[in-house]
Amino acid sequence: MLFSGDEIVSVLTELGISHVVWIPDTSLGVWESALEASSELSLLRVCREGEAWPLAAGLMIGGKTPLIMMQTTGLFESGDALRNIIYDLNFPVIAIVGARNWLNAESKDTAKTFAEPILKAWNVDYQVVATAEDKPKLMEYLQQSLEKKQPGIVLMAE
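What you see is a predicted model; the values in this text were computed from it and never measured.

A. Examining the nonpolar core more closely. Core analysis: the biggest nonpolar cluster contains 28 residues, and Trp53, Ile68, Leu75, Val93, Ile153 and Leu155 have the highest contact counts within it. Within the residue set of this core, elements represented by two or more residues are helix 3 (52-61), strand 3 (66-71), helix 5 (79-88), strand 4 (94-99), helix 6 (110-121), strand 5 (126-129) and strand 6 (152-157). Element by element, the count of residues in this core is highest for helix 3, at five residues. When sequence neighbours within four positions are dropped, the list of residues in contact with Leu155 reads Thr72, Val97, Ala99, Trp102, Ala115, Glu116, Leu119, Tyr126, Gln127, Val128 and Val129. Counting residues in hydrophobic clusters, the runner-up holds 26 residues, among them Val20, Trp22, Ile96 and Leu138.

B. Expanded view of the packing of aromatic side chains. A complete count under the given rule lists zero aromatic pairs for this structure. In this arrangement the basic side chain of Lys135 is found over the ring face of Phe3, its NZ or CZ atom lying 4.9 Å from the centre.

C. Spatial organisation of helix 1 (residues 5-15). Among the residues of helix 1, Gly5, Ile8, Val9, Val11, Leu12 and Leu15 are the ones counted as buried. Around the axis of helix 1, the buried residues are gathered within 165 degrees of arc, so they sit on the same side. The exposed set on the far side of helix 1, more than 90 degrees from its buried face, consists of Asp6 and Glu14. The secondary structure elements touched by the buried residues of helix 1 are strand 1 (19-22), helix 2 (32-37), strand 3 and helix 7 (135-148).

D. Just the sheet that holds strand 6, in detail. Across the sheet, which stays open at both edges, the six strands sit in the order 2-1-3-4-6-5 with parallel pairing between neighbours. If you trace the sheet from one side to the other, it starts and ends with strand 2 (42-45) and strand 5, each paired once. Neighbour-to-neighbour, the strand axes of the sheet open up by a mean angle of 20 degrees, direction not taken into account. Alignment of strand 5 against strand 6, held across four bridges, turns out to be parallel. The residue bridging Tyr126 from the neighbouring strand is Ile153, located in strand 6.

E. Inspection of the pairing of strand 4 at higher detail. Taking burial as the measure, the six residues of strand 4 include six buried ones, the bulk of the element. Here strand 4 shows no split at all, with Ile94, Ile96 and Gly98 on one side and Ala95, Val97 and Ala99 on the other all buried. When strand 3 meets strand 4, the two strands line up parallel, connected through five bridges. The partner of Gln71 across the bridge, within strand 4, is Gly98. Bridge analysis of strand 4 against strand 6 gives six bridges, and the strand direction is parallel. Paired with Ile96 across the strands is Val154, a residue of strand 6.

So, how was this worked out
- Per chain, residue numbering runs from 1 following the sequence as it is written.
- In keeping with the predicted nature of the model, local features appear solely for residues at pLDDT of at least 70, side-chain atom pairs appear and are counted solely at 80 or more, and the whole-chain, interface and lining totals rest on all residues.
- The basis for the side-chain values is all heavy atoms of the structure; hydrogens and waters are excluded.
- Only buried Ala, Val, Leu, Ile, Met, Phe, Trp, Tyr and Cys residues count toward a nonpolar core, and they belong to the same one when joined by side-chain atoms within 4.5 Å.
- Only protein chains enter the calculation, and the probe is 1.4 Å; a residue is then buried if its accessible area is under 20% of its type maximum, exposed if over 50%, and partly exposed in between.
- Numbering goes from the N terminus for both helices and strands, where a helix is a DSSP run of H or I of at least four residues and a strand is a run of E of at least two.
- Every residue pair with non-hydrogen atoms within 4.5 Å of one another is taken to be in contact.
- Between the rings of Phe, Tyr and Trp (Trp by its six-membered ring), a pair exists once the centres lie within 6.5 Å; its type follows the angle of the planes, with under 30 degrees stacked, over 60 edge-to-face, and the other angles tilted.
- We call a charge positioned above a ring when the Lys NZ or Arg CZ atom is no farther than 6 Å from the ring centre and deviates by at most 35 degrees from the ring normal.
- Arc definition: directions from the helix axis to the C-beta atoms.
- Criterion used throughout: strands pair if DSSP finds at least two bridges between them.
- Convention adopted: a line fitted to C-alpha atoms gives each axis, helices being fitted over their contacting stretch, and angles between N-to-C directions are expressed from 0 to 180 degrees.

Distances and angles like these do not, on their own, reveal function.
Structural data, given as structure tokens:
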């Protein structure tokens, strides 16, 4: 993983994120202990990814600044909830999505094949973070999304 748990907590805290709404996967799950230990972030687990989008919207109504974390397959599963929250209800929800098997050239996993085409089809702005040189893009992209009050997703290569 490109970021340690402490690095992710530092980035999210600097951005003013109040809540992380998530279903951890094998890769993003390594951040769990750092997220739980943070006194500035509240970690909220959902049972299904489709629950994350309306929960984040509800937090926004309450004046909070949430960020969703899930894996690409969860993104696919939650597409209708995403559509409803960011387009029908106009909530500028942001997310980090673990791009499963993105870095594994040998993998035949179709999750990496469909991640970008699906985001393009849904017309969701996104940023890929795949290398050590890309690390600053995480903070820059999320900050820009928050400032512009627009939804956005970071595809975090796994």
